[in-house]
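# Examination of the molecular architecture
So you can see what is in the structure, the chains are spelled out below.
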Amino acid sequence: MRKLLNTLFITSEKAYLSLDGETVHVEIDKQKIGRFPLHTLENILCFSYYGASPALMGACAKRGVNLAFYNPFGRFLCRVVGEAHGNVFLRKQQYRISDDMAESCKVAGNFILGKVYNCRWSIARTMRDHALRIDQERCGKAVTYLADALDKIRTEENLDTLRGIEGECAAVYFGFFDELILNQKEDFFFHGRNKRPPLDSVNAMLSFGYTLLSNDCAAALEGVGLDAYVGFMHRDRPGRQSLALDLMEELRPVLVDRLVLTMINNRQIRAEHFQKSESGAVVFSDEGKKKFLTAWQEHKKEQITHPYLKEKMYWGLVPYIQALLLARYLRGDMDEYPPFLWK
């Protein structure tokens, strides 16, 4: 249970929410563990099986407090919507900005800025921690290239050019990714990004992790009232959750890529946890998928200090915090969207 950005996060799967006058009561096993004045809240995000009382849901709908429900693993279930819900104005603003290429470029630039910054951080951290096991010269060149690209991203005003810079940075980052694999090199190697289908174990892990992250980002966006299908960097395409793909860009290196590297380098996953089909596609075995999902959930429970808010939280809440910050920016409460810049 945590209150951030006037948002109450209920993270215990046994928590039940009820209304007492103008106060939200949180209880577990019929024991009250928290009280929060309803008028101080903008959002309640509930990751619980037990849910909330009809009285509280009605009060939230009447007062315009966004009450969204997820299962304990972060899958979006539903949101309480009253007779007139303020999210219609938020979504209309989202659509206006999405239709304006110049405005879209401003938002997309910060997503890409976060991604490149975090890619650079990931390489620099390996360079610091394992100086004797990697090619220092090559590593230094990659770090310098990505650092120089950050200045270009901050000033670029054309969306197509911005995408080009992002593509070049991704090529540099993934061109060095194999160096970040320090153990089990005979079974885990990376010779370039491939997908649909992945052709090696590392790409299989990355693709599966990105799918999980994309689902979390879509759930986070829906929970704060944004349309996960209308993006700024990723343009509209039927069936594609473009804004979820936008939001996850800055989180890929720190939430998925680092987990993949940790599991390989710590030998938490091995060659036997993958299978190769007749088509050449490499996929998890049932045991391998279970291991990855367990590690993913455990990783999301690790505590960090958010680099922008300076507040402690779980890794798993980061997509929801970033979605809230994006919504605040679109409503005009912030001058710009603050990307997640990991330190």
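Refer to the structure printed above.
Attention in this report is confined to the structure presented alongside it. The structure displayed is predicted, hence computed values, not measured ones.

## Quick notes on the overall build of the chain
Looking only at helices and strands, the chain features 10 helices and 12 strands. A globule of 343 residues ought to have a C-alpha radius of gyration of about 20 Å, and the chain, at 21 Å, matches this closely. Taking the principal axes of the C-alpha coordinates as reference, the chain spans close to 65 × 45 × 40 Å. The buried share of the chain, taken over its 343 residues, is 55%. Residue pairs in contact within the chain that sit at least 24 positions apart in sequence constitute 61% of those at least 6 positions apart. Taking the average location of the 46 positive side-chain charges in the chain and that of its 43 negative ones, the two points are 4 Å from each other.

## Looking at the sheet that holds strand β4 (residues 23–28)
Here three strands make up an open sheet; going across it, the order is β3-β4-β5 and the pairing antiparallel. Unpaired on one side and paired on the other, β3 (15–20) and β5 (31–37) mark the two borders of the sheet. For this sheet, the mean angle separating the axes of adjacent strands, direction not counted, is 25 degrees. The strands that helix α1 (residues 54–63) touches are β3 and β4; relative to β3, the one it contacts most, it runs at about 65 degrees.

## Considerations on the layout of surface pockets
For the largest pocket, the calculated volume is near 910 Å³. Together, 34 residues line the largest pocket, and R193, K195, R196, L245 and R252 are the ones closest to its centre. Those elements that provide at least two residues to the lining of the largest pocket are α3 (101–129), α5 (159–176), α6 (201–223), α7 (242–249), α8 (252–265) and β10 (282–284). Here the lining of the largest pocket takes six residues from α6, the largest share from any one element. Grouping the constituent residues of the lining of the largest pocket by class yields 15 nonpolar, six polar and 13 charged.

## Re the pairing of β5
Summarising the sheet, β4 and β5 pair through six bridges and their orientation is antiparallel. Note that in β5 the partner of E27 across the bridge is K32. Where β4 hands over to β5, the hairpin turn is made up of two residues, of which D29 adopts a positive phi near 50 degrees.

## What about the packing of helix α2 (residues 87–99) against α3?
Where α2 contacts α3, the two axes come as close as 5 Å, and the packing angle between them is 105 degrees. The angle between the axes of α2 and α3 places the two elements in the roughly perpendicular class. In this structure, α2 uses I97, S98 and D99 to contact α3, whose residues at the interface are M101, E103, S104 and V107. Class assignment for the residues of the contact of α2 with α3 results in three nonpolar, two polar and two charged.

## Digging into the nonpolar core
In this structure, F177, M205, L206, L221, L226 and L326 are the most contacted members of the largest nonpolar core, which totals 95 residues. Sequence-distant contacts of L226, defined by excluding residues within four places in its chain, comprise L90, R91, Q94, L221, L243, A323, L326, A327 and L330. Counting residues in each nonpolar core, the second largest holds 20 residues, with I10, A15, F36 and L56 among its members.

## Quick look at α1
By the burial criterion, the buried members of α1 are L56, A59, C60 and A61. Check the buried side of α1 and you find it contacts β3, β4, β6 (43–46), β7 (66–70) and β8 (76–80). After α1 finishes, the residue G64 shows a positive phi value of roughly 75 degrees.

## Considering the pattern of salt bridges
Enumeration according to the criterion identifies 19 salt bridges in this entry. A salt bridge links E166 to K115; the shortest N-O distance between them is 2.5 Å. In this pair, E166 is assigned in helix α5 and K115 in helix α3, connecting sequence segments 51 residues apart. Grouping residues by exposure puts E166 and K115 together as buried.

## Things to note about unusual backbone geometry
A cis amide bond links R196 to the next residue, P197, at an omega of 5 degrees. The topology assignment puts P197 in the loop between α5 and α6. Although it is not a glycine, Q184 sits at a positive phi angle of roughly 55 degrees. Within the fold, Q184 resides in the loop between α5 and α6. Classification of Q184 as buried rests on a relative accessible area of 10%. Positive phi, close to 50 degrees, is recorded for R196, a residue that is not glycine.

## Details of empty space enclosed by the protein
Under the counting rule described, the total for this entry stands at two cavities of 30 Å³ or more. Space inside the largest cavity adds up to approximately 40 Å³. As for the largest cavity, its lining consists of K115, V116, C119, L146, E166, C169, A170 and Y173. Taken together, the elements giving at least two residues each to the lining of the largest cavity come down to α3 and α5. With four residues, the top contributor of residues to the lining of the largest cavity is α5. The computed volume of the second largest cavity comes to approximately 30 Å³. Lining the second largest cavity, in full, are L213, D216, L255, W296, K300, W315, G316 and P319. For the lining of the second largest cavity, the elements supplying multiple residues, two or more each, are α6 and α9 (286–300). When grouped by side-chain class, the residues that make up the lining of the second largest cavity number five nonpolar, one polar and two charged.

Calculation criteria
- Per chain, residues are indexed from 1 in the order of the written sequence.
- Totals for whole chains, interfaces and linings use every residue, but because this is a predicted model, local features are given only for residues with pLDDT of at least 70 and side-chain atom pairs only at 80 or more, for both listing and counting.
- Side-chain measures here rest on the full set of heavy atoms in the structure, leaving out hydrogens and waters.
- What counts as a helix is a DSSP run of H or I of at least four residues, what counts as a strand is a run of E of at least two, and both are numbered from the N terminus.
- The quantity called the radius of gyration is restricted to C-alpha atoms. Its globule counterpart is 2.2 Å times the number of residues to the power 0.38.
- The buried label goes to any residue with under 20% of its type's maximum accessible area, the exposed label to any with over 50%, and the partly exposed label to all in between, with areas taken from a 1.4 Å probe on protein chains only.
- Here, two residues are considered to be in contact whenever any of their heavy atoms come within 4.5 Å of each other.
- Residues scored as charged are limited to Lys and Arg (positive) and Asp and Glu (negative), so that His and the chain ends carry no count.
- Each charge is placed at NZ for Lys, CZ for Arg, CG for Asp and CD for Glu.
- Strands pair, by our definition, only if DSSP identifies at least two bridges between them.
- Working convention: axes come from line fits to C-alpha atoms, limited for helices to the stretch in contact. Angles between N-to-C directions cover 0 to 180 degrees.
- Of the two site types, the cavity is a set of points on a 1 Å grid over the protein atoms alone where a 1.4 Å probe fits but cannot get out, and the pocket is an open set with protein on both sides within 12 Å along at least five of seven lines, each lined by residues with an atom within 4 Å of a point.
- Grid points are joined across faces, edges and corners, and a volume is the space filled by probe spheres set on the points.
- Throughout this entry, Asp, Glu, Lys and Arg are counted as charged residues, while Ala, Val, Leu, Ile, Met, Phe, Trp, Tyr, Cys and Pro are counted as nonpolar. The remaining residues, Gly among them, count as polar.
- Every angle not falling under 35 degrees, over 145, or within 65 to 115 is termed oblique; those three ranges are roughly parallel, roughly antiparallel and roughly perpendicular.
- Put simply, buried Ala, Val, Leu, Ile, Met, Phe, Trp, Tyr and Cys residues joined by side-chain atoms within 4.5 Å make one nonpolar core.
- The term salt bridge refers to a side-chain nitrogen of Lys or Arg lying within 4 Å of a carboxyl oxygen of Asp or Glu.

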